Amino acid sequence: MSTPTTVQYYFAPNSPWTYLGHLRFWDIARKHRATIEVLPMDLGGKVFPVSGGLPLGKRAPQRQAYRLVELKRFADYLHAPLNLQPKYFPVSPDDAAKLIIAVDLHDGADAAMRITDAVLRAVWVEQRNIADEATLATLLKERELPPQRLEEAHSQAVAERYEANTQRAIAAGVFALLGLATLLG
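None of these values were measured; they are calculated from a predicted model.

Colleague: Which residues make up the overall build of the protein, and what are the values?
Modeller: What the protein contains, in helices and strands, is nine helices and two strands. When the helices and strands of the protein are placed in sequence order, the string is β-α-β-α-α-α-α-α-α-α-α. A compact globule built from 185 residues should have a C-alpha radius of gyration of about 16 Å, and the protein, at 16 Å, falls within 12% of that. Across the 185 residues that make up the protein, the buried fraction comes to 41%. Sequence-distant contacts in the protein: of pairs separated by 6 or more residues, those separated by 24 or more amount to 77%. On the protein, the mean spot of the 21 positive side-chain charges and the mean spot of the 20 negative ones are 8 Å from each other.

Colleague: Tell me about the packing of aromatic side chains, and name the residues and values.
Modeller: Evaluation of the coordinates by the stated rule reveals four aromatic pairs. By way of ring pairs, the aromatic residues Tyr9, Phe11 and Phe25 are connected into one cluster. Directly above the ring of Trp26 sits Arg30, whose terminal nitrogen or CZ lies 4.1 Å from the centroid.

Colleague: Can you explain the confidence of the model for the protein? Please cite residues and give values.
Modeller: Averaged over every residue, the pLDDT of the protein is 91; the share at 70 or more is 93%. A low-confidence stretch, residues 178-185 stays under pLDDT 50, and its non-local contacts, those more than four residues away or across chains, total 15 contacts.

Colleague: Could you give an account of helix H8 (residues 156-172), with specific residues and numbers?
Modeller: Think of an α-helix as turning once every 3.6 residues; residues three or four places apart then point the same way. Here H8 is 17 residues long and its end C-alpha atoms lie 24 Å apart, about the 24 Å a rise of 1.5 Å per residue gives. Among the residues making up H8, those that are buried are Val158, Arg161, Tyr162, Asn165, Thr166 and Ala169. Along the long axis of H8, the arc covered by the buried residues comes to 135 degrees, so they all point the same way. Residues Gln156, Ala157 and Ala171 are exposed on H8 and point more than 90 degrees away from its buried face. At its buried positions, H8 is contacted by strand S1 (6-11), strand S2 (35-40), helix H2 (43-51), helix H4 (94-107) and helix H7 (148-152). Looking at the residues trailing H8, positive phi occurs at Gly173, about 80 degrees.

Colleague: Quick one: what's the story with the pattern of salt bridges, residue by residue and with numbers?
Modeller: Under the criterion given, the structure shown has 11 salt bridges. Across the salt bridge formed by Asp117 and Arg143, the nearest N and O atoms sit 3.2 Å from each other. In this pair, Asp117 sits in helix H5 (residues 109-124) while Arg143 sits in the loop between helix H6 (133-142) and H7, placing the two residues 26 residues apart along the sequence. Among the salt bridges present, the one from Glu152 reaches Arg149, with a minimum N-O distance of 2.8 Å. Pair noted here: Glu152 and Arg149 are both in helix H7, with a separation of three residues, about one helical turn. Take Glu152: its relative accessible area is 21%, and that puts it in the partly exposed class. For Arg149, a relative accessible area of 7% corresponds to the buried category.

Colleague: Explain the packing of H4 against H5 to me, and be specific about the residues and the numbers.
Modeller: Orientation of H4 relative to H5, taken along the N-to-C sense of each, is 155 degrees, at an axis distance of 7 Å. As far as their axial angle goes, H5 and H4 are roughly antiparallel. The two elements H4 and H5 meet at a crossing, and its hand is right-handed. Counted together, Ala96, Leu99, Ile100, Val103, Asp104 and Asp107 of H4 and Ala109, Ala111, Ala112, Ile115, Thr116 and Val119 of H5 form the full contact between these two elements.

Colleague: Would you mind going over unusual backbone geometry in detail, with residue names and values included?
Modeller: The step from Phe89 to Pro90 runs through a cis peptide bond, and the omega angle for that step is 0 degrees. For Pro90, the position within the fold is in the loop between helix H3 (61-78) and H4. Residue Arg33 is not a glycine yet carries a positive backbone phi of 55 degrees. Counting through the fold element by element, Arg33 comes out in the loop between helix H1 (16-31) and S2. A residue is classified by how much of its surface remains accessible, and Arg33, at 72% relative accessible area, is exposed.

How each quantity is defined
- Residue positions are counted from 1 within each chain, in the order its sequence is given.
- With the structure being a predicted model, the display of local features is reserved for residues of pLDDT at least 70 and the display and counting of side-chain atom pairs for 80 or more, all residues being used for whole-chain, interface and lining totals.
- As a rule here, side-chain values come from all non-hydrogen atoms in the structure, and water together with hydrogens is ignored.
- Only DSSP runs of H or I covering at least 4 residues are called helices, and only runs of E covering at least 2 are called strands; the numbering of each starts at the N terminus.
- Radius of gyration: C-alpha atoms only; globule rule: 2.2 Å multiplied by the number of residues to the exponent 0.38.
- Only protein chains enter the calculation, and the probe is 1.4 Å; a residue is then buried if its accessible area is under 20% of its type maximum, exposed if over 50%, and partly exposed in between.
- Whether two residues are in contact is decided by their heavy atoms, any of which lying within 4.5 Å being enough.
- Note that His is not counted, nor are the chain ends; the positive residues are Lys and Arg, and the negative ones are Asp and Glu.
- All charge positions are set by atom: Lys at NZ, Arg at CZ, Asp at CG, Glu at CD.
- Aromatic contacts are taken between Phe, Tyr and Trp rings whose centres are within 6.5 Å, Trp giving its six-membered ring; a plane angle under 30 degrees counts as stacked, one over 60 as edge-to-face, and the others as tilted.
- Any Lys NZ or Arg CZ found within 6 Å of a ring centre and within 35 degrees of that ring's normal is scored as a charge over the ring.
- The score called pLDDT rates the predictor's confidence residue by residue, from a low of 0 to a high of 100.
- By this rule the span expected of a helix is its residue count minus one, scaled by 1.5 Å.
- Arc, as used here, means the arc of the directions from the helix axis to the C-beta atoms.
- By definition, a salt bridge exists where a carboxyl oxygen of Asp or Glu is found within 4 Å of a side-chain nitrogen of Lys or Arg.
- Note on geometry: axes are lines fitted to C-alpha atoms, helical ones only across the stretch in contact, with angles between N-to-C directions running from 0 to 180 degrees.
- Any angle that is under 35 degrees is reported as roughly parallel, and any over 145 degrees as roughly antiparallel; angles of 65 to 115 degrees are reported as roughly perpendicular and all others as oblique.
- If you view the pair so one helix is near and one far, a crossing is left-handed when the near helix is turned anticlockwise from the far one by less than a right angle, and right-handed when it is turned clockwise.

Okay, structure coming up:
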């Protein structure tokens, strides 16, 4: 009997690439009975500076334009709805990331994956503001998760885990395009 596989899933909950690959990744993990370690991290604020990445607004215009071409190409290939330039993007992912961590801590990885899907869809399909607490409360309700997770997302334990996830990502050499293999898989 083989040892179950654990996959460390580092992601930013405001990333279009995470949105495009999230459900495919989750399906692949379930198919192979892999355990997912849900690790939202601070990609733009802390990982980019040490990995050579630039926030979208600081990229050269031709890179910004090509990003839109690639996003449309992948969305079409995956038959995934996607607003290329949603109303609330760029948006701070920190509160959403901490909510995902709070859900993971109290309800487990599957619940964390469900709320992650809701957060990603909120940005890239539904054009909702994931930096707004009322939006996050609504997403919890829609996914039938306890409303107190929003308060717990502001705890010291969650803040420390978010920072630890980010430092683990840096130590692991994570960078912005890590998720593309999931899209192509």
